[in-house]
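Spelled out, the chains give:
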Amino acid sequence: MSEPRTLLAIDKVSKNFGRVTAVDGISLDIRENEFFALLGPSGCGKTTLLRMLAGFETPNGGRILLDGRDIAKIPPNKRPVNLMFQSYALFPHMSVRANVSYGLEMERLPANEIRSRVDAILATTELVAFADRKPEQLSGGQKQRVALARALVKRPRLLLLDEPLGALDKKLRGAMQLELKRLQHEVGITFVIVTHDQEESLVMADRMAVLRDGKLLQCDTPHAVYERPADRFVADFIGVMNFVPGKAAADGVLAANGARISGTVPAILSPGAAAVASVRPERIRLFPPPETANRVAGIVEALAYHGLDLQLHVRTALSQKPFLVRVTADAADRRPVTSGDAVELGWDAADVRIFAD
Amino acid sequence: MTSSPARIFGLRTTLVLVFAFLYIPIAVLVALSFNQGGLPTVWSGFSLKWYASLAGNAAILSAALNTLIVALVSTAIATLLGTLLAIGVEMRRQYGSGLEALIFAPMIIPDIVLAVALLSFFSMLDFTLGLHTIILAHVVFNLAFVCSVVRARLKSFDWSIVEASADLGASAVTTFRRVTLPVILPAVVAGALLAFTLSVDEFIIAFFTAGAGRASTTLPMQIYSMIRFGITPEINALATIVMAVSITALTLSQRLNRGVIGQ
Amino acid sequence: MAPALAWLTALMMVPCALVLALAFFRRGIYGGIEYTFTLENFGLVLDPLYAGIFLNSARIAGTATLIAVVIGYAAAYAIAAAPRRWQPVFLFFAVLPFWSNYLIRTYAWIVLLNREGLITQLLRWFGYTGEPPSMLYTEGAVIAGLVYNYLPFVILACYAPLSRLNPELAEASRDLGASAMTTFRRVILPLTVPGIAAGAVFVFVLSIGNFVTPALLGGGRFQMIGNLVYDQFLTANDWPFGAALAMALIAIMLLVLMAQALAADRAAGRIAEAKADG
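Residues numbered from 1 in each chain as written. Chains lettered and ligands numbered in written order. Predicted model: local features only at pLDDT ≥ 70, side-chain atom pairs only at ≥ 80, totals over all residues. Heavy atoms only, no water.

(A) The arrangement of the overall build of chain C in detail. Counting secondary structure elements, chain C contains 13 helices and two strands. Along the first, second and third principal axes, the C-alpha atoms of chain C reach 75 × 60 × 40 Å. Split into buried and exposed, the 278 residues of chain C put 52% on the buried side. Restricting to contacts in chain C with at least 6 residues of sequence separation, those with at least 24 account for 66%. Surface exposure of chain C reaches about 12600 Å², of which carbon and sulfur atoms provide 69%. Both charge centroids of chain C, one from 16 positive and one from 14 negative side chains, sit 7 Å from each other. (Helix = DSSP H or I, 4+ residues; strand = E, 2+ residues; numbered from the N terminus. Buried < 20%, exposed > 50% of the residue type's maximum accessible area, 1.4 Å probe, protein only. Contact = heavy atoms within 4.5 Å. Areas by Shrake-Rupley, 256 points an atom, 1.4 Å probe, with all protein chains shown as cover. Lys, Arg positive; Asp, Glu negative; His and termini not counted. Charge placed at Lys NZ, Arg CZ, Asp CG, Glu CD.)

Listed below in structure tokens is the structure:
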């Protein structure tokens, strides 16, 4: 496979509203045909960044290069970029068909071309049966598909999606995640999605950027972000993580109770610096073999079945918060535990990530 | 809440009494407009003759025409300016209380004060008074009312559809024509009908800004001078027609606004 | 936006400022305006004769407000208690008369109250044979006219908070042992004060500055501020004094509005608390 081409280059872009800096010198490359997620807690600047890409906000500094051309100053109606609004922003007085045709009419395309392109996209998004309905007669999921069709029919170089699944209920959201992924593959358009839901970006994105307080913390594939989070915040924000606070040592972290968690210490941490060791719940084993690098005794406080796996809260001397441990149902069957049982937990040094605290 | 028979009886009685209070005076007036006899308050048989006599009254006809001119022109100007004002104010969302007061003032300021203020103003500038000065004056409060009706609609307006239109390639003008205006149109029309009704009914400001002479007498001014002379069956007939017109306009306006809320 | 604001400035702000300025000038010998600064117009406003008219206007307006609020609140309460689908209909018909011509609504009361009017005839029908009572051209007639004209607005203003009231609040009060009366006094009434205040302020402000009702139903005998302003401009030709009177009227209006804003702020606090609880 050849090196993927950069479609959009965000180059040291900043935006402030009065004294508040919403986006603080972010640089990112988004590649042709990828599904890219901007992820972060509310107020992290992801929506502002998206609105700058769409043209509704003008950066105070930096460049936004689309196919090498700076579009930062081009008004929204002149950009080959379309936005799917969080509220969907369907025109309430127009039918589904009229909503979808609107953008093509703005391009002054011949009527028959508009018709055939609208028909095609309505078919792709399974909206043919609803073409003559008004938005108020549609369900949430249908409205979402109309908003998507309306943006996609323009064949933008870049499609921006602002919390596209935010207004849907949980069950529908799961189905629509896969649906969006399928559509993106089918139309071959680059998608940039804004979300605060880390699970959503893990499921859908080819690559993702984690933002906080207007700054970019990490930009990588979901797998890399999950396995090798850049800092403590990312580790905590993406997925579930157990943390053991302490001080950096030569080959691990010394916990407050004197126990040592073995792991690779990043070079920037000098010995004795405040550090935190972390491990994912699914990397922890119950009753580990004796050669396991990190082992600790604990008491099961609570447990909950989640179908395939079992989640345990285990109180240990290592941290204030109980450890969250996820074991497969099979493993649990082999050696059942209940609340109040004494257990031993263990995990490998390779599964430990150490961050500055 | 408890729904004891006593409570329900009390509530119903209240409604009946209040509606009687509101409608009996009007009903008596309307009934007497069809009274055959010359006595304005004693019933003596059905007749349409007072309506016929209205049709032959040149003073009333010319006043009605003047009122129509004033109402139509001031409504047209006020609808245009008031709608743009409402959009301007609601779009920027943050506005000073001074602006708010300026828009609110014409609706609350006593008519007599605005009337003498405008009279002083026009005479200071040596303006010739006439229908045009009434129109200028009526636009002041009409514009405030149109603005408030349209603003009420814009409060629930989803501004992201304006951005969506721009995002899909529409210019600001196209967006206004194809998205914003169609969505707020019912409120604009409702505001216009309200303004029309207010203008048709307005008396004091017109009285002060009309100047001397018959040429710019409006219908309310005509009615006022007739009432000053006493009760006549002709006024009853005229009153019935005027009420019918304003109530029709209001009913239409309400229907349109309900349509908006229904969406 | 700009043209509308320019219009309001040129034809409302400027004329009002002009009237304010006029109030500081002297009346000319032949009725014109003499441009020398004076405060005597405002002094004249405080003259017992005119101050009496102010007090008279305030009393009439106050009485009309009180009656309109009591009737209007009762009506709004009854409408809000009606079945949901009937409420808009009742409300619509309660407000409908408000949109017919003000002069005509006032005139309807002349027809009703005059010596040979409906009320006299009803009395006769019940066997009354004496002199027809004089009801027209009394203070009572003026108050009746004001109440009649502004009642729909009070109903509308009181209905809004009443219809939004969570019925469970009243039920909770009853459940906690309060009587219907106590529930009304301690729960319903406090939560609907903003509506009452808005309605009351509206009636009071429009009544105290009214011209048509006292002129037609008071027969000129019960002068209110509005009539006084009218006379100064069109009959006595003393514009500076008329201007001072108009400004006094505006001052009263602003005071009332400020009082309402204060009351509304307090009530808003109470309602916010109630909502946080609910």
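And the narrative resumes.
(B) How the structure looks around the environment of Val-81 of chain A. Within the secondary structure, Val-81 of chain A sits in strand 6 (residues 81-84). A sequence separation of 26 residues divides Val-81 of chain A from Gly-55 of chain A, and the C-alpha atoms of the two residues are 8.7 Å apart. If we ignore the near neighbours within four places in the chain, the residues touching Val-81 of chain A are Leu-53, Ala-54, Leu-66, Ile-71, Pro-156, Leu-158 and Leu-160 of chain A together with Asp-167 of chain B.

(C) Just the interface of chain B and chain A, in detail. Taken together, the contact pairs 19 residues of chain B with 23 residues of chain A. Interface of chain B and chain A: buried area, both sides summed, is about 1800 Å²; carbon and sulfur atoms make up 57% of it. Ranking the residues of chain B by area buried against chain A places Asp-167, Leu-168 and Arg-178 of chain B at the top, with a combined share of 41%. Counting every contact that joins chain B to chain A gives two salt bridges. A salt bridge links Arg-51 of chain A to Glu-163 of chain B; the nearest nitrogen and oxygen atoms lie 2.5 Å apart. Between the two partners, chain B and chain A, sit eleven residue pairs in polar contact (both at pLDDT 80 or more). Counting only elements with at least two residues in the side of chain B that touches chain A, the list comes to helix 7 (160-167) and helix 8 (172-201) of chain B. (Buried area = accessible area lost by both parts, 1.4 Å probe. Salt bridge = Lys/Arg side-chain N within 4 Å of Asp/Glu carboxyl O. Polar contact = N/O pair within 3.5 Å; in protein donor to acceptor, adjacent residues only side chain to side chain.)

(D) Representation of the sheet that holds strand 12 (residues 252-255) of chain A. All names here are of chain A. Reading across the sheet, the five strands line up as 13-12-11-14-20 and stay open at both edges, with antiparallel pairing between neighbours. The open sheet has two free edges, formed respectively by strand 13 (260-262) and strand 20 (353-356), since each of these has just one partner strand. Within this sheet the neighbouring strands show an average axis-to-axis angle of 40°, counted without direction. Summarising the sheet, strand 11 (residues 242-249) and strand 14 (residues 274-279) pair through six bridges and their orientation is antiparallel. Considered in strand 14, the bridge of Lys-247 is made with Ala-274. (Pairing = 2+ DSSP bridges. Axes fitted to C-alpha atoms, helices over the stretch in contact; angles between N-to-C directions.)

(E) Here's a closer look at the UniProt feature "transmembrane region" (unreviewed entry) in chain C. Residue and element names in this part refer to chain C. What UniProt calls "transmembrane region" (unreviewed entry) maps, in this numbering, to residues 6-25, 37-55, 61-82, 89-110, 141-162, 183-208 and 239-263. The span residues 183-208 shows a helical share of 96% and a strand share of 0%, and its end C-alpha atoms are spaced 34 Å apart. The span residues 239-263 shows a helical share of 100% and a strand share of 0%, and its end C-alpha atoms are spaced 36 Å apart. (UniProt positions renumbered as here; feature names shortened; annotations may be inferred.)

(F) Seen up close, the packing of aromatic side chains. Counting across every chain of the model gives 35 aromatic pairs over all chains. An angle of 25° between the planes, with centres 5.3 Å apart, marks the rings of Phe-122 of chain B and Phe-127 of chain B as stacked. You can call Phe-122 of chain B buried: its relative accessible area is 1%. We classify Phe-127 of chain B as partly exposed; its relative accessible area is 38%. Relative to Trp-159 of chain B, the ring of Phe-157 of chain B lies with its centre 4.8 Å away and its plane at 75°, an arrangement referred to as edge-to-face. Accessibility expressed as a relative area gives 6% for Phe-157 of chain B, which makes it buried. By the ring-pair criterion, three or more aromatic residues cluster together here, those being Phe-203, Phe-207, Phe-208 and Tyr-224 of chain B together with Phe-211 and Tyr-230 of chain C. The ring of Phe-243 of chain A carries Arg-232 of chain A above its face, with NZ or CZ at 4.3 Å from the centroid. (Phe/Tyr/Trp six-rings, centres within 6.5 Å; stacked < 30°, edge-to-face > 60°. Lys NZ or Arg CZ within 6 Å of the ring centre and 35° of its normal.)

(G) Molecular detail of the arrangement of the chains. Comparison of the two pairs of chains in contact shows the highest number of contacts for chains B and C. With no contact between them, chain A and chain C keep their nearest C-alpha atoms 22 Å apart.

(H) View of the pattern of salt bridges. Residues and elements named next belong to chain A. Summed over the entire model, instances satisfying the criterion amount to 30 salt bridges over all chains. Two residues, Asp-206 and Lys-181, come together in a salt bridge whose shortest N-O distance is 3.3 Å. Of the two residues, Asp-206 sits in the loop between helix 6 (198-204) and strand 9 (207-212) while Lys-181 sits in helix 5 (residues 170-187), which places them 25 residues apart along the sequence. Asp-206 gets classed as partly exposed once you look at its relative accessible area, which sits at 32%.

(I) Up close: the domain arrangement of chain A. Domain boundaries in chain A define domain 1 (6-227) and domain 2 (240-356). With centres defined by C-alpha atoms, the gap from domain 1 of chain A to domain 2 of chain A works out at 39 Å. (Domains from an automatic or database assignment.)

(J) Looking closely at the interface of chain B and chain C. Contact with chain B, which involves 76 residues of that partner, is made by 73 residues of chain C. The interface formed by chain B and chain C holds zero salt bridges in total. For the pair chain B and chain C, the number of links is seven residue pairs in polar contact (both at pLDDT 80 or more). Element by element, the count of residues in the side of chain B that touches chain C is highest for helix 1 (residues 5-33) of chain B, at 15 residues. In terms of residue class, the side of chain B that touches chain C is made up of 60 nonpolar, twelve polar and four charged. (Nonpolar A, V, L, I, M, F, W, Y, C, P; charged D, E, K, R; others polar.)

(K) Broad picture of helix 3 (residues 111-124) of chain A. All names here are of chain A. The terminal C-alpha atoms of helix 3, which comprises 14 residues, lie 20 Å apart, in line with the 20 Å expected from a rise of 1.5 Å per residue. Taken residue by residue, helix 3 has Ile-114, Arg-117, Val-118, Ile-121, Leu-122 and Thr-124 as its buried positions. In a view along the axis of helix 3, the buried residues occupy a sector of 155°, so they form one face of it. Each element contacted by the buried residues of helix 3 is listed here: helix 2 (96-106), helix 4 (140-152) and helix 5. In the segment just after helix 3, Glu-126 is the residue with positive phi, at about 60°. (Expected span 1.5 Å × (residues − 1). Arc of directions from axis to C-beta.)

(L) How the structure looks around the side chain of Arg-97 of chain A. All names here are of chain A. Among the structural elements, Arg-97 can be located in helix 2. Look at Arg-97 and you get buried, because its relative accessible area is 17%. If we skip the residues at most four places from it in the chain, Arg-97 touches Arg-115, Val-118, Asp-119, Leu-122 and Ala-131.

(M) The arrangement of the side chain of Ser-319 of chain A in detail. All names here are of chain A. Within the secondary structure layout, Ser-319 lies in the loop between strand 17 (309-316) and strand 18 (323-328). Taking relative accessible area as the criterion, Ser-319 reaches 13% and is therefore assigned buried. One polar contact links the side chain of Ser-319 to the main-chain carbonyl oxygen of Lys-321, over a distance of 2.9 Å. Aside from chain neighbours lying at most four places away, what touches Ser-319 is Phe-243 and Pro-245.

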